[in-house]
There are 2 protein chains.
Amino acid sequence: MITSPSSQRRSERSRRATLEAALELCTEKGYGRVTVEAIAARAGVSKKTIYRWWPSKGAVLLEAFTDGFIGATPFVDTGDIASDLRTHINSAVRVASTPPYGPAYAGILSELHHDGALAEAVQEQLVGPRFAAAEERLRKAQRQGWIPAGANLPLAVEMLYGPVYYRHILCKPPHDEATVAALVDHVLRALGAVAGGGREPDIS
Amino acid sequence: MITSPSSQRRSERSRRATLEAALELCTEKGYGRVTVEAIAARAGVSKKTIYRWWPSKGAVLLEAFTDGFIGATPFVDTGDIASDLRTHINSAVRVASTPPYGPAYAGILSELHHDGALAEAVQEQLVGPRFAAAEERLRKAQRQGWIPAGANLPLAVEMLYGPVYYRHILCKPPHDEATVAALVDHVLRALGAVAGGGREPDIS
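About the thresholds
- Residues numbered from 1 in each chain as written.
- Chains lettered and ligands numbered in written order.
- Predicted model: local features only at pLDDT ≥ 70, side-chain atom pairs only at ≥ 80, totals over all residues.
- Heavy atoms only, no water.
- Least-squares fit on C-alpha atoms with pLDDT ≥ 70 in both.
- Contact = heavy atoms within 4.5 Å.
- UniProt positions renumbered as here; feature names shortened; annotations may be inferred.
- Helix = DSSP H or I, 4+ residues; strand = E, 2+ residues; numbered from the N terminus.
- Buried area = accessible area lost by both parts, 1.4 Å probe.
- Salt bridge = Lys/Arg side-chain N within 4 Å of Asp/Glu carboxyl O.
- Polar contact = N/O pair within 3.5 Å; in protein donor to acceptor, adjacent residues only side chain to side chain.

The name given to chain A in an unreviewed UniProt entry is TetR/AcrR family transcriptional regulator, with the source organism recorded as Streptomyces nitrosporeus.

**Student:** Kindly report on the relation of the copies chain B and chain A, identifying the contributing residues and their values.
**Tutor:** In the superposition of chain B on chain A (RMSD 0.0 Å, axial shift 0.0 Å), the rotation amounts to 180°. The relationship between the two copies is best expressed as a two-fold rotation axis. Here 100% of the interface residues in chain B have copies in chain A that are interface residues too; the copies meet face to matching face.

**Student:** Hey, could you go over the UniProt feature "domain: HTH tetR-type" (unreviewed entry) in chain A for me, with residue numbers and the actual values?
**Tutor:** Here the UniProt-annotated "domain: HTH tetR-type" (unreviewed entry) positions come out as residues 12-72 of chain A. In this annotation, residues 12-72 of chain A is assigned 80% helix and 0% strand; the end-to-end C-alpha distance for the span is 21 Å.

**Student:** Provide a residue-level description of the interface of chain B and chain A, including the pertinent values.
**Tutor:** As a measure of interface size, the accessible area lost when the parts come together is often cited. With 36 residues of chain B at the interface, the matching set in chain A holds 36 residues. Across the interface of chain B and chain A, roughly 3,100 Å² is buried in total on both sides, 70% from carbon and sulfur atoms. It is His113(B), Glu158(B) and Tyr166(B) in chain B that bury the most area against chain A; as a group they hold 21% of the surface buried on that side. Applying the counting rule to chain B against chain A returns two salt bridges. Where Glu158(A) meets Arg167(B), a salt bridge forms, and the shortest distance between an N and an O atom there is 2.6 Å. If you look at where chain B meets chain A, you find eight residue pairs in polar contact (both at pLDDT 80 or more). Counting only elements with at least two residues in the side of chain B that touches chain A, the list comes to helix H6 (101-111), helix H7 (116-143), helix H8 (153-169) and helix H9 (177-190) of chain B.

Structure follows, in structure tokens:
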């Protein structure tokens, strides 16, 4: 099918309107009370249009959350792995603990154990790519000699994200910046990483 | 009120029957389809009796889960902190990933963000006491000289439990014993703990 530029623009406008409507409704009413019908009405699109693109309200909110989350939590490379991980985790904590994204993600997570398709989508669209990006940032630091060869990088990613999920899911107060800094230091120490502070990396 | 021993026995029998019925129904139908009415019918008690003791089905299942979880994941002290943490985390992973407790806990967690009373009960009855017990086991190892004074023990507990929650909530395959062993080693190394293996603890 050949799509004209103007119909692509219309589609993108409808997509954006749908994602924004879903986030707004989630903030106003709580995840449990959001319906595809209400999203369609607020976005000015038909229910049929929504169901052509997404299988459920959870899938709509997942795309909205993923867009916002990835935009807000880039993996920067300033050459200082500890500082870059702090930046990333602090942003993730902020997104996960404030509306509209925090409550939206809590709602998505609440559905995973009885919606296998949504659980797969979360893995494929959000968690898998983010996990890979975090591991890649650590691998870069490893290539630069800051982290020993053979270090267990996937475990390190779980040790970084795990505590953030732990507090989010249990509705505990989010980590402050000092605790995030301590977490990053502990994970890097667990890997046997070279401490920063102007020292040369171990590239022997 | 003075309660006679026989009425106490009857109460305890009803309590047990209610908890067992709730777990059975959760396994058979999934958390979302369990109702207080069905729990009462299966347990042979009245709905009024259930509501006298628990405010919601989530609260019934929390008590059932807590009873089972605490029984299955004791904090042993064999004198080897790494081995004892492995024992504890392996049991926690097993309970969280198998019926009836795993799905029951997933259901409870799915309600926390819209049921503040249940979130508080989870903190007070389950997470708070378990967190304190884990921290106390680490503190004992610290007093014995295995872990340096000044180590951040609460952070260590989050680093141990966080990855377990991360996989549970995201429906990822549970940690195998080798990964749990690596996790425990990494957390102890992050604390600057003395490696085990017959060496003397550092009590200087």
